[in-house]
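# Observations on chain architecture
Each chain is listed here by its residues.
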There are 2 protein chains.
Amino acid sequence: MASAPKANAVVGQSGGPTAVINASLVGVIEEACKCAQIDGLHGSLHAVEGIVKERFIDLKRLGKGELDLLVQSPSSALGSSRDKPDKDYCQRIFEVFRRRNVRYFFYIGGNDSANTLYIINAMAQQVGYDLRAFHIPKTIDNDLLVTDHCPGFGSAAKFVACALMGDDLDNRALPGVKIDVIMGRHAGFLTAASVLGKQRDDDGPHLVYVPERPVSVDRFLADVEAVYKALGRCVVAVSEGICDTDGVTWAKKITQTSETDAHGNIQLSGTGALADYLAAQVKARLGIKRVRADTFGYLQRSFAGLQSPVDVQEARECGRQAVRYALERQSGSVAIKRIGNGDRYAVEYFCTDLANVAEKTKSLPAEYINQQGNGVTAGFVEYARPLTGPLPKTIYLGNYPTI
Amino acid sequence: MASAPKANAVVGQSGGPTAVINASLVGVIEEACKCAQIDGLHGSLHAVEGIVKERFIDLKRLGKGELDLLVQSPSSALGSSRDKPDKDYCQRIFEVFRRRNVRYFFYIGGNDSANTLYIINAMAQQVGYDLRAFHIPKTIDNDLLVTDHCPGFGSAAKFVACALMGDDLDNRALPGVKIDVIMGRHAGFLTAASVLGKQRDDDGPHLVYVPERPVSVDRFLADVEAVYKALGRCVVAVSEGICDTDGVTWAKKITQTSETDAHGNIQLSGTGALADYLAAQVKARLGIKRVRADTFGYLQRSFAGLQSPVDVQEARECGRQAVRYALERQSGSVAIKRIGNGDRYAVEYFCTDLANVAEKTKSLPAEYINQQGNGVTAGFVEYARPLTGPLPKTIYLGNYPTI
């Protein structure tokens, strides 16, 4: 293939924000600043929208202090979008790219964003426009194919784990049933992460339900009742995308109006309806008085000051790698390969074709879900534990011998 | 008065847990271990319940490692209770105290807990039982009288501030209306703390509603519409205890069944109903498409690993002080006096009568609420800012000049 052109680059951030999507942006900026082929680095405001509206900022002008702040800032500092470009939209993107001599396009996002990039890249090839298009993975759902895990997941997993650690201690202090609804439309990784802070045998969450394993309300209630009878309390982690045995999400069944975005995704977060429904069922049918339910909502992806250090470092490195790959090949998606685990956790990076990632979804593997479909396995903990960084240790005195 | 008896002590934790209630417990243990008058230090499991059921653990046996863990563990490590002792309940407490030669009683809790202590103390005096009864303040609501602020508030305020910082950046990335419902049945301190992380003029929350200032749905919607028109987005912080102009809480108006505890408090947390109601109103009546609402729930008081360092230190010191006061006087409640602010923030401790704290509630002072009743003043920020410890700094690039 032809050598890398000397031209301008555009970088954008798309889809739902994460705690480390800005670390990936910093990685792109750092590497682009070192790279003679990349003249200007334009940050597109609000993803593809910023390209067609020509709302760019000059990222090479950011100083070290600004980059240091950017690494630790949650959410997408360039703004985001859920627009899904069609052919006409892509034509407008090319017009802008041509006029501004943009030959490098870096897009940080999930599988919908990889698909946007895939479409733009395909159209560029159709019209013979020399564009180098690279996807940098990010998603708290951890549901991209090929890569071992996704930047953004580790920090969200840390949030969920710390939340459950505290919530379980709260539930020990004032016992009852506590239900926590966690993000995850199709993939149960984040809900599974609720177990990562467990230290004692009887620590919660005692039950974990993921979208990959349909469960009936009756079965759910029987599980809760069994734990409550055994322990006098019960902490439950439930994915927002949990399905009934007929495959229909509980959220859909209990919600009259469903809001969908341009990608056809139903809005599950930002509402407490599922949590309230489950709590009401437990109260009414099991006759348990103290039942509480929280929906973690947007805090999971954007809480300030709670990044996983390993997640930050990997997100940043994914950004750097994308720029390096762009000097060597025409397009691709940055992926992470795990080459050591546990105390010797280590990764390396590689490039996979956009088609391998675009619009595809990875589920929580069957071996990470227990036989009964109401918990996760030691294999999952082994997989996810290195990604959150160290979690706080706690103590509870209620089990100490009485005098 | 008589000199301090040489006898056993009981300590309990009551009411809703906080992130630093265990730090107060550690303070009591540390000081009691230094104190020749206190023989055994019994930790009562689940507050007053643990006394009448004689479920005590020996706190003097805890090692340094356990105390270090205890300081950083959220929630009440001894367990809690919401029992409100009546005369008969108190008689049973005395029987246990007599049999075990307990002459010191330390109780860590809010105004309901102070009242419990007040009742027990009054009965002890009636029957001529020599008991030294001390209340150690704790509440995320920050609603106790006399004390400048309450241990537990600073850490909860830090959680809320960090949550809003991230949430506001998330709302910049994907603009719309975001409503966050924050704990606070009667007092608006914690909801007001949502502003503490604001760095830029247009940072959210843009609107803050506290229980102290009734507001109609119409007024609320007009405020949201005005901000949305000006900024293209709007982040709102609302107390769970917000009232309509007739003085009835919105939560009560929209909830058919109200669960109350032994103290007559309505359950406001652990349900997303208020948030969902407000979001539905904004969607339906303002015609804004992207509207999200989160209810922070129990995470605010028990999240693991997010303590305010100053809150930890003060909570611990309140525990120590209670033991010191118990050697000098018969009863009281530990209180904090601020003797310096801002960069020179400093406090000292004093003892006030139980009657000054028991069952009384402090509201957010009028000078901390803005004229319109939809925001807080610089005075509040000055008051609350030292209590959270340092908050993370962030950057957003969407306001940078375009090229």
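Residues numbered from 1 in each chain as written. Chains lettered and ligands numbered in written order. Predicted model: local features only at pLDDT ≥ 70, side-chain atom pairs only at ≥ 80, totals over all residues.

This brings us to the overall build of chain A. Each helix and strand counted, chain A has 13 helices and 11 strands in total. A compact globule built from 403 residues would reach a C-alpha radius of gyration of about 22 Å, and chain A, at 22 Å, matches this within 12%. Judged by the C-alpha coordinates and their principal axes, chain A covers about 75 × 45 × 35 Å. Looking at chain A as a whole, 57% of its 403 residues qualify as buried. Taking as baseline every contact in chain A between residues at least 6 positions apart, the subset at least 24 positions apart corresponds to 77%. (Helix = DSSP H or I, 4+ residues; strand = E, 2+ residues; numbered from the N terminus. Rg over C-alpha atoms; globule rule 2.2 N^0.38 Å. Buried ≥ 20, exposed ≤ 12 C-beta atoms within 10 Å, placed from the backbone. Contact = placed C-beta atoms within 7 Å.)

Here the focus is the interface of chain A and chain B. Taken together, the 59 residues of chain A in the interface contact 59 residues of chain B. The element best represented in the side of chain A that touches chain B is helix 6 (residues 153-173) of chain A, accounting for 9 residues. For the side of chain A that touches chain B, the class distribution of residues is 29 nonpolar, 20 polar and 10 charged. (Nonpolar A, V, L, I, M, F, W, Y, C, P; charged D, E, K, R; others polar.)

Attention now moves to the sheet that holds strand 7 (residues 207-209) of chain A. Residue and element names in this part refer to chain A. Pairing is parallel in the open sheet, where 4 strands are placed in the order 7-8-6-9. Strands with a single pairing partner mark the edges of an open sheet, and in this sheet they are strand 7 and strand 9 (291-295). Direction aside, neighbouring strands of the sheet carry axes that sit 15° apart on average. Judged from the 3 bridges that link them, strand 7 and strand 8 (residues 234-239) form a sheet pairing that is parallel. By the bridge assignment, V208 is partnered in strand 8 with A237. Relative to the sheet, helix 6 contacts strand 6 (177-182) and strand 8, its axis offset from that of strand 6 by approximately 170°. (Pairing = 2+ DSSP bridges. Axes fitted to C-alpha atoms, helices over the stretch in contact; angles between N-to-C directions.)

Quick look at the sheet that holds strand 1 (residues 7-13) of chain A now. All names here are of chain A. Taken in spatial order, the 7 strands line up as 3-2-1-4-5-10-11 in an open sheet, and their pairing is mixed. The open sheet is flanked by strand 3 (56-58) and strand 11 (346-352), the only strands paired with a single partner. Across the sheet, the mean angle separating the axes of adjacent strands is 30° when strand polarity is ignored. Looking at chain direction, strand 1 and strand 4 (residues 102-109) are connected through 6 bridges and run parallel. When the sheet's bridge partners are listed, G12 is paired in strand 4 with Y107. Helix 12 (residues 309-328) contacts strand 4, strand 5 (132-137), strand 10 (331-340) and strand 11 of the sheet and is inclined by roughly 165° relative to strand 5.

Moving on: the domain arrangement of chain A. Residue and element names in this part refer to chain A. When the domains of chain A are assigned, the result is domain 1 (7-151 + 307-356) and domain 2 (153-304 + 364-387). Residue-level contacts link 24 residues of domain 1 with 22 residues of domain 2. Looking at the side of domain 1 that touches domain 2 residue by residue, the class counts come to 8 nonpolar, 9 polar and 7 charged. (Domains from an automatic or database assignment.)

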